[in-house]
Amino acid sequence: MYDGFYNLTQQPFQLSADPDFFFQSSVHKRALAYMQYGLTQGEGFVLVTGSPGTGKTMLVKSLVKNLNREKLLIGVMMTSHVGPEDTLRLVASTFGFQYLHNDKASLLTSFEKFIVENAREGRRLLLIVDEAQNLPKQSLEELRMLTNLDVNGVPVFQVFLLGQPELKRTIYAPDMEQLKQRIVSTYHLDALDEEETKEYILFRLQTAGWQGNPEFAPDTFTEIHKFSAGTPRRINSLCDRLLLFGYLEELTLLDSQAVEKVVAEVNEEMLLEDRDEQTAPTTISVTRYSDAEAGSLDDRLNRLENNVHHLQADVNKEKSLLRKAILIQLDMDTVYSDNGKE
């Protein structure tokens, strides 16, 4: 939709982590350097933490993209709440290892042989665990035991843990001393400041083929940073909505007023969602007040005005959604019509 309207080659603010859109801010560049340093050590754990949406998955994909696959067998694992035995099975499957026996002892023995065989062929194993805060302590201990493996004194299994701040609290707990001693590098991802938020937005636009249309007023970036607090995922989400708004309104200039309108829409939708969750959808209750319960005329008028306000918000949301649906349908009809002419 808006990518065609603004002559972009692709959508610049997609939420999926595409390494081509990796912006090397000061914090992400430093995090990448710490991860690369950890790789040179070839052992133990590398720990990277950050709040949701700060770019941990993008870091993983950017790092993996440039690694030497002849020297490293890489496994990237997205975690859920799994126990120690399931963790071991999940790790083995991540590396494509097919085990014949399901019991833990047999699985561990055969997987360790797999690791050693790869090491003798010149490859060590690198396990990257994303969302590692979901792993219980016993599962982390299983990973620690694997990092103890070596061939002729050379470590052959290394683990990168990426997760939210609670991961660091788990690892630095008093009963996790052995794992803590295996950490060779650690870094925490902070959000972008206002200037880097601007650079981040322009970088993604230019990567997507932006030629200056739409134009961004200087105060636009201030408002975006204010709403997003410099978190890349929130920046992407807001900018995507902003470009959609510009497309629907046929704007060639996006300014702070446009951002404020989009932010107001987002906040209104969040309020409506909260209200919907608190209201039972299948029941309609009518409360009848006695004169005493109803209060004064001003009280009743205030309640009535409040109800009208909520109804108007609902109507405005429906109108906005209907308008977008009509525009999308018209856009699709145009595509089909053009295809029919070819």
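In the block above lies the structure referred to throughout.
Predicted, not measured: the structure shown is a model, and the values here were computed from it.

1. Quick word on the overall build of the protein
If you tally the helices and strands in the protein, you get 14 helices and nine strands. A total of 342 residues make up the protein; the buried ones form 42% of that total. Across the protein, contacts joining residues at least 24 apart in sequence account for 76% of those joining residues at least 6 apart. For the protein, the accessible area works out to roughly 19200 Å², and carbon and sulfur atoms hold 50% of it.

2. Some words on the pattern of salt bridges
In this structure the tally under the stated criterion is 10 salt bridges. The partner of Asp86 in a salt bridge is Arg89, with the nearest N and O atoms 2.9 Å apart. Of this pair, Asp86 and Arg89 are both found in helix H4 (residues 84–94), three residues apart, which corresponds to roughly one turn of the helix. Judged by its relative accessible area of 42%, Asp86 falls in the partly exposed class. Residue classification places Arg89 among the buried residues on the basis of a relative accessible area of 15%. The closest approach of N and O atoms between Lys104 and Glu142, which form a salt bridge, is 2.5 Å. You can see Lys104 sitting in helix H5 (residues 104–120) and its partner Glu142 sitting in helix H6 (residues 137–147), a full 38 residues away along the chain. For Glu142, a relative accessible area of 14% gives the class buried. Several salt bridges share partner residues, and in doing so they unite Arg241, Glu265 and Glu269 into one network.

3. Some words on helix H10 (residues 218–228)
In an α-helix, one turn spans 3.6 residues, which is why side chains three or four residues apart end up on the same side. Buried residues of H10: Thr220, Phe221, Glu223, Ile224, His225, Phe227 and Ser228, and no others. Of the residues flanking the end of H10, it is Ala229, one or two places downstream, whose phi is positive at about 60°.

4. Things to note about the environment of Ile115
For Ile115, the position within the fold is in helix H5. Here Ile115 falls in the buried class, since its relative accessible area comes to 0%. Between the alpha carbons of Ile115 and Leu146 there is a distance of 9.4 Å; along the sequence they are 31 residues apart. Residues in contact with Ile115, not counting those within four places in the same chain, are Leu125, Leu146, Leu149, Val156 and Phe157.

5. So, the sheet that holds strand S6 (residues 157–163)
Taken in spatial order, the five strands make up an open sheet running S2-S3-S6-S1-S7, and their pairing is parallel. Strand pairing shows two members of the sheet lacking a second neighbour, strand S2 (72–78) and strand S7 (183–189), which therefore form its edges. Pairwise comparison of adjacent strand axes, ignoring direction, gives a mean angle of 15° for this sheet. Taken strand by strand, H5 contacts S2, strand S3 (124–130) and S6, and its axis lies near 120° from that of S3.

6. Let's talk about unusual backbone geometry
A cis amide bond, omega 10°, links Asn213 with the succeeding residue Pro214. Along the chain, Pro214 turns up in the loop between helix H9 (194–207) and strand S8 (215–216). Despite not being glycine, Asn7 has its phi angle at roughly 55°, a positive value. Structurally, Asn7 is set in the loop between helix H1 (2–5) and helix H2 (26–41).

7. Quick notes on a negative patch on the surface
On the surface, Asp193, Glu194, Glu195 and Glu199 cluster together into a patch of negative charge. Inspection of the secondary structure puts Asp193 in the loop between S7 and H9.

Cut-offs and rules
Residues numbered from 1 in each chain as written. Predicted model: local features only at pLDDT ≥ 70, side-chain atom pairs only at ≥ 80, totals over all residues. Heavy atoms only, no water. Helix = DSSP H or I, 4+ residues; strand = E, 2+ residues; numbered from the N terminus. Buried < 20%, exposed > 50% of the residue type's maximum accessible area, 1.4 Å probe, protein only. Contact = heavy atoms within 4.5 Å. Areas by Shrake-Rupley, 256 points an atom, 1.4 Å probe, with all protein chains shown as cover. Salt bridge = Lys/Arg side-chain N within 4 Å of Asp/Glu carboxyl O. Pairing = 2+ DSSP bridges. Axes fitted to C-alpha atoms, helices over the stretch in contact; angles between N-to-C directions. Patch = residues over 30% accessible without salt bridge, like charges linked within 9 Å, V, L, I, M, F, W, Y side chains within 5 Å. Lys, Arg positive; Asp, Glu negative; His and termini not counted. Charge placed at Lys NZ, Arg CZ, Asp CG, Glu CD.

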